[in-house]
Structures are given as structure tokens and as C-alpha cells.
Amino acid sequence: MALVAAPDLPFLLTESRATPMHVGGLQVFELPPDAGPHWLREQYEAMLAHHDIAPLFRQRPYRSIRTGMQWAWREDDELDIEYHVRHSALPEPGRVRELLALGGRLHGSLLDRQRPLWEFNLIEGLEGNRFAAYTKVHHAMVDGVSALRLLERWLSPDPTAEVPPAWAAKPRRERSGSGGASPLELFVDAAKGAVDLAGTGPVLVQQARRALQEELAAFPFKAPPSILNVHITGARRIAAQTWSVARVKAVAKASDATLNDIVLAMCSGALRKYLQELGALPDESLTAMVPVSLRTDDSAGGNAVGAVLTSLATDTADPSWRLARIRESMHIAKGTMQGRSQLQMLALSAANMFATPLVSMLGGGEGMRPPFNIIISNVPGPREDLYLNGAHLQGVYPVSIPYHGQALNITLTSYVDNLEIGLTGCRRRAPRLQRLLMHLEESLVELEVAVGLSSGKPKKGAAAKAFKQELKEAHERGVSMLSTYGRLFLQALTSAPDLTPQERELLVEIEGAIQSQKENANAY
């Protein structure tokens, strides 16, 4: 038995039906070339056959008089592997649309605290000779970095290798040590820790003073109220897309910025467009919390996360000036962490994050200034192609946690040469997430134009693919559900050089159908 560690405990204490506290991931695989019709079923049965479960996946939370009513971990002696490992199938036609819908439903349900806090779903029926896996693990067990480390340890860079499931992986061998610290060493370490913590007080005062004096210096509760900072429900909607890391790096190099600066600028531009469409863009700039890994080892469990706050400059229309302001705000935020000890960085991060669980437990603080407006995470992922018993991993899409007061989360991860972006939102409070994906592409194009890498002409890419899919689906539904911006997009895409003749014919057909729908004329 071990008490739940202090950094992990808030995720158990603040969990409710409306705010499940698990992180998830969608992994998309291509079936092996020689896979038979029952290959995926055989993989599922082989996974169930592994009963030697790693300790991380056997522990479940509990509390009693013996623990002083504090949450602790204990091993589940009656672990039911068939409960945790599930085999599902997508309805026809098995598009990514159906996969994301299933992922949203699975992500919205609570994990059972009477069992170890994880589930794994093997999902067949994805178009293009593919299948998927959806995994969710409670945030009290892992953070984003450790979750991706588990993924890397599960899969293999060798397509011919046979790999056991992630939960059957053996824990790494512990390094040999001297058997523990002496009482004198413990006393010295405690004294050093007290001195470190005492040094954070003046830093926090300085941060608060600077936030009052400088517009770009972010601080808790400086953010404006927005439609994203409201009470939420338990239902989830997810959206995901892939971008080329090379494109983002090219903009970073041309603008003398970091890759993370460009990612924040992409998100800023997309959020600005998204909120403008909804008529809900605040006059003041949105503020983002940017998690920072404080993990100093190669462990794959627990939480070791810090955080800085930054302005997103969403009150600035010009993309070049917006990027410059984001860079300056991040420079200020990073400056507070430079030269600090690990304990000091943890304390400063706690000051940025402490209000989030409190606001969530109070229902979101709707209408009040939130600690920040949105969480934007960027977690490094695998750098080489990975395989599951010959099945090539094509994409890794993160699925994260909305809170009361935080209706939308943006999480990014890298995989080989790609940047995978996952949006997780409250189904009721964060509408039209697919539109936000399109705005991310538009925002990247604006940045490319600003630094001289593009003329800004329509080009093939994430947004073009997303909208072409929307056109196809709208046609299948009789175009009755086209968005209010349909006509504008039709006009813009008609002149797009990357459309095929068949797609142009489809545009003309849809435009004619719109004209014939008199009852919807005012919507266009």
C-alpha cells in the first residue's frame, strides 16, 4: 500500500461525472500486408492471454480508516482483464468521422474506481485497410509524457517483432543504490528544500507586480471571461488532424522563433477565428496555460508536470505582430523559471495551476475572470516508425481533459515527421470543433505568408482535405446540414487549383441544391 502522491491527488479529488479525469489517445494502424480476415480478433485474444500484469496496471485507488481516509493505491487481486481490454467495431462506412464519434463517447465515461483505472479498446472497421486503438488511463496514474513513454515501450521499431501488450510489459530494472539516505542527509535535503521554497515568495510577488504593469506578462486570473470558461457536461467531442513538422519548423526558422512559439501562434489565430465566428471573441487577449515536463528520469508513471502562463495575443489581427507578442510573453514566462531549482519550478508551477481544481470544484466560475482561458500542451512523441506485430502505427492523436471553467483542451504530440493535434471539448459548450481544425491550417498559412514562405494561395493540406470530406458528407445528407458559411466556402473553393473536375462538379451540384432550399435561404 502507498498513499497517492501529492501531485497525483488533485485528479482524484476533483473528478466528477461532468469532469472525468483520465487522459486518452487514439492510435491508428495500417493492417499488415499479409493479415488475414481474423487477424485483429487473433490479436485481441492474444492480448487477453497475458495475465502477468505490470504493477502500474494492477493498482486501484481506495481509502479507509486504516489510511486515515486518505487516498492510497493497493493491488487488485481480482483483476478482470476482459473488462479492461475490449474489442469494438465501427459502423459503416468506417470513416474517421465514425472513429472520432466513438472516441468521444468512450472518453466521456468515468473509469470504475473499484478496478484499476485504465481501459483499452481495439477497434476494427476503419476504412483504408486500417484499425485503431483507443486507450484511457487516469491522470492520477500517468501524465502526457509518461503515457507516450508507455506507448513507445509497448510498440517496436521492428515490423517483424512480436510485442506483448503494454500492460504486460515488465517494469524496468531498478538501479542499484546504497540502500537509502542517512538521517543527516535527509536533514540536509529538508533544509535545502526549505531554503528553495522561501526563494519562491519574492518571485511570485515580482510576477504579480509585472503582470499589473505589462500587458504581455500573464498571471492567474488576468485572463478575460470567455465562452470556453463555463460549467461543462460529461459528454465529449473530439477532433484530430495531422500537420507536417517540417512546415512548422520552416516558419520557426524564418521568424527566429521556436517550434512551440509557432504552435501557440497557430492556436491563437485559430481560436481568434473560431470565437469570431461564434460572435464571442473577448476584447482582451486570451491566456493559455502551457504545461512543462519536470520529469528528470525515464519513468512511465505518476505526474511530474509544471506550467507557465502566456498571452495568446488574440486581440491582435495581424499574424506577424501576434507571433511577436506571443514570443515576448513566452520569454517573460520562461524567465521566471530560468535558474530555478526543481523544487522552485514545481512551486512556481503550482502557483499557476492551484486555482484550476478549485474553480472546477466550484462549477467553473462562469462570468468571472478565469485563472487562464485554455490549456495548450505540446508533448514530444516517438521519433521513429513503430509497429504492433507488423501493423504500422500511422498516427497518434492525444485526447485530454476539459474541466469546469475549461471547456476546450488542445494537446499536440509529434510522431516521426508529423505533428498530431487533438482537440477535446465539452460536447455542449465547445461546438464545431472541426471548424477549429480548419482554422489551425488557415492560421499556419497566414504565418507562412507573413514570413515569406507562401503566397497564400489555396493549397492541398489538412484544411482542404477536411472541407472536401465535409462536402462529400453534406452531399450524402442532401446538403440540408451545410453550415451557414457554405456559400462563402463554395465561392472560395470554386477557384482552388487543387480541385479535381469531379469535385468541381460536386460544388456546382451542391450550390444548385442550396438555391433550391428556400426554407434555408436566410442561413446563407
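Model, not experiment: these values are computed from the prediction. (Residues numbered from 1 in each chain as written. Predicted model: local features only at pLDDT ≥ 70, side-chain atom pairs only at ≥ 80, totals over all residues. Heavy atoms only, no water.)

(A) Looking closely at the overall build of the protein chain. Per the secondary structure count, the protein chain includes 16 helices and 15 strands. Put simply, of all contacts in the protein chain between residues at least 6 apart along the chain, 77% involve residues at least 24 apart. Accessible surface, the protein chain as shown: approximately 24700 Å² in total, 54% of it carbon and sulfur. (Helix = DSSP H or I, 4+ residues; strand = E, 2+ residues; numbered from the N terminus. Contact = heavy atoms within 4.5 Å. Areas by Shrake-Rupley, 256 points an atom, 1.4 Å probe, with all protein chains shown as cover.)

(B) Region of interest: the pattern of salt bridges. Applying the stated criterion across every chain yields a total of 13 salt bridges. As a salt-bridge pair, arginine 435 and glutamate 277 come within 2.4 Å of each other at their nearest N and O atoms. With a gap of 158 residues between them, arginine 435 in helix H13 (residues 433–450) and glutamate 277 in helix H9 (residues 259–277) connect regions that are remote in the sequence. Accessibility expressed as a relative area gives 7% for arginine 435, which makes it buried. One continuous salt-bridge network, built from bridges that share partners, spans Arg86, Glu119 and Lys136. (Salt bridge = Lys/Arg side-chain N within 4 Å of Asp/Glu carboxyl O. Buried < 20%, exposed > 50% of the residue type's maximum accessible area, 1.4 Å probe, protein only.)

(C) Representation of a negative patch on the surface in the model. A surface patch of negative charge is lined by Glu152, Glu384, Asp385 and Asp417. Summarising the element assignment, glutamate 152 is placed in helix H5 (residues 144–154). Given the relative accessible area of 35%, glutamate 152 is considered partly exposed. (Patch = residues over 30% accessible without salt bridge, like charges linked within 9 Å, V, L, I, M, F, W, Y side chains within 5 Å. Lys, Arg positive; Asp, Glu negative; His and termini not counted. Charge placed at Lys NZ, Arg CZ, Asp CG, Glu CD.)

(D) Quick look at the sheet that holds strand S6 (residues 118–126). Read across the open sheet, the 6 strands follow the order S5-S6-S7-S2-S13-S12; overall the sheet is mixed. Sheet topology places strand S5 (85–89) and strand S12 (387–388) at the edges, where each strand pairs with a single neighbour. As defined by bridge partners, S5 adjoins S6 across 5 bridges and the pair is classed as parallel. When the sheet's bridge partners are listed, histidine 87 is paired in S6 with leucine 122. (Pairing = 2+ DSSP bridges.)

(E) Quick peek at the nonpolar core. Counting residues in each nonpolar core, the largest one holds 55 residues, and the members touching the most others are Phe29, Val85, Phe120, Trp154, Trp167 and Leu388. In contact with tryptophan 154, other than residues within four places in its own chain, are Phe29, Met47, Phe120, Val163, Pro164, Pro165, Ala166 and Leu388. Formed by 43 residues, the second largest nonpolar core is a distinct cluster that contains Trp243, Leu436, Leu437 and Leu440. (Core = buried A, V, L, I, M, F, W, Y, C linked by side-chain atoms within 4.5 Å.)

(F) Quick look at the sheet that holds strand S4 (residues 72–75). The strand order across the open sheet built from 3 strands is S1-S4-S3, with neighbouring strands paired in antiparallel fashion. Where the open sheet ends on each side, the last strands, each with one partner, are strand S1 (2–3) and strand S3 (59–62). Examined bridge by bridge, S1 and S4 share 2 bridges and lie antiparallel to one another. Following the sheet pairing, leucine 3 is matched in S4 by alanine 72.

(G) The arrangement of H5 in detail. All buried positions along H5 are accounted for by Val145, Ser146, Leu148, Leu150, Leu151 and Trp154. Two to three positions downstream of the cap, the backbone nitrogen of valine 145 sits 3.2 Å from a side-chain oxygen, assigning the N-cap of H5 to aspartate 143. (Polar contact = N/O pair within 3.5 Å; in protein donor to acceptor, adjacent residues only side chain to side chain.)

(H) Examining the pairing of strand S7 (residues 130–138) more closely. Most of S7 sits inside the fold, with 8 of its 9 residues counted as buried. By the bridge criterion, 7 bridges tie S6 to S7 in an arrangement that is antiparallel. Residue pairing across strands places glutamate 119 opposite lysine 136, the latter belonging to S7. The turn linking S6 back onto S7 is made up of 3 residues, and glycine 128 within it adopts a positive phi angle of 80 degrees.

(I) Layout of unusual backbone geometry. Cis geometry is adopted by the peptide bond preceding proline 93, which originates at glutamate 92 and carries an omega value of 10 degrees. Counting through the fold element by element, proline 93 comes out in the loop between S5 and helix H4 (96–107). For methionine 69, which is not glycine, the phi dihedral falls at a positive 60 degrees. Tracing the backbone through its elements, the reader meets methionine 69 in the loop between S3 and S4.

(J) Inspection of the packing of aromatic side chains at higher detail. Under the criterion given, the structure shown has 7 aromatic pairs. Aromatic pair phenylalanine 57 and tryptophan 118: ring centres 5.3 Å apart, planes at 80 degrees, arrangement edge-to-face. Here phenylalanine 57 is found in the loop between helix H2 (39–48) and S3, whereas its partner tryptophan 118 is found in strand S6, with 61 residues between them in sequence. Just as phenylalanine 57 is buried, tryptophan 118 falls in that class too. Relative to tryptophan 154, the ring of phenylalanine 120 has its centre 5.7 Å away and its plane inclined at 85 degrees; by these criteria the two rings are edge-to-face. One end of the pair, phenylalanine 120, is in strand S6; the other, tryptophan 154, is in helix H5, with 34 residues separating them in the sequence. Taken as a pair, phenylalanine 120 and tryptophan 154 share a single burial class, namely buried. Its end group placed over the ring of tyrosine 62, arginine 74 keeps NZ or CZ at 4.1 Å from the ring centre. Over the aromatic face of tryptophan 71 sits the side chain of arginine 113, whose NZ or CZ is 5.1 Å from the ring centroid. (Phe/Tyr/Trp six-rings, centres within 6.5 Å; stacked < 30°, edge-to-face > 60°. Lys NZ or Arg CZ within 6 Å of the ring centre and 35° of its normal.)

(K) Fine view of the environment of alanine 6. Within the secondary structure, alanine 6 is located in the loop between S1 and helix H1 (9–13). Each C-alpha atom of the pair alanine 6 and alanine 140 lies 9.8 Å from the other, and the pair is 134 residues apart in sequence.

(L) Region of the structure containing the environment of alanine 252. For alanine 252, the position within the fold is in helix H8 (residues 245–254). Overall, alanine 252 belongs to the buried group, its relative accessible area being 6%. Residues alanine 252 and valine 451, spaced 199 residues apart in sequence, show a C-alpha to C-alpha distance of 9.2 Å. Setting aside residues no more than four positions away along its own chain, alanine 252 makes contact with Ala257, Thr258, Leu259 and Ile262.

(M) Up close: the environment of leucine 358. Mapped onto the elements of the fold, leucine 358 is located in helix H12 (residues 355–361). Linking leucine 358 and proline 10, residues 348 residues apart in sequence, is a C-alpha distance of 9.6 Å.

(N) Molecular detail of the confidence of the model for the protein chain. Confidence in the prediction for the protein chain averages 81 pLDDT; 72% of positions are at 70 or higher. Across residues 173–199, where pLDDT falls below 50, the model places 8 contacts with residues more than four positions away in sequence or in other chains. Below pLDDT 50 for its whole length, residues 518–524 participates in 9 contacts with residues either more than four positions away or in separate chains. (pLDDT = per-residue confidence, 0-100.)

(O) Focus on the packing of H8 against H13. At a minimum axis distance of 10 Å, the contact between H8 and H13 shows a crossing angle of 40 degrees. Taken together, the axis directions place H8 and H13 in an arrangement best described as oblique. Seen along the crossing, H8 lies across H13 with a hand that is left-handed. Along its contact with H8, which presents Arg247, Val248 and Val251, the element H13 presents Glu441, Leu444, Val445, Leu447 and Glu448. (Axes fitted to C-alpha atoms, helices over the stretch in contact; angles between N-to-C directions. Parallel < 35°, antiparallel > 145°, perpendicular 65-115°, else oblique. Left-handed = near helix turned anticlockwise from the far one by under 90°.)

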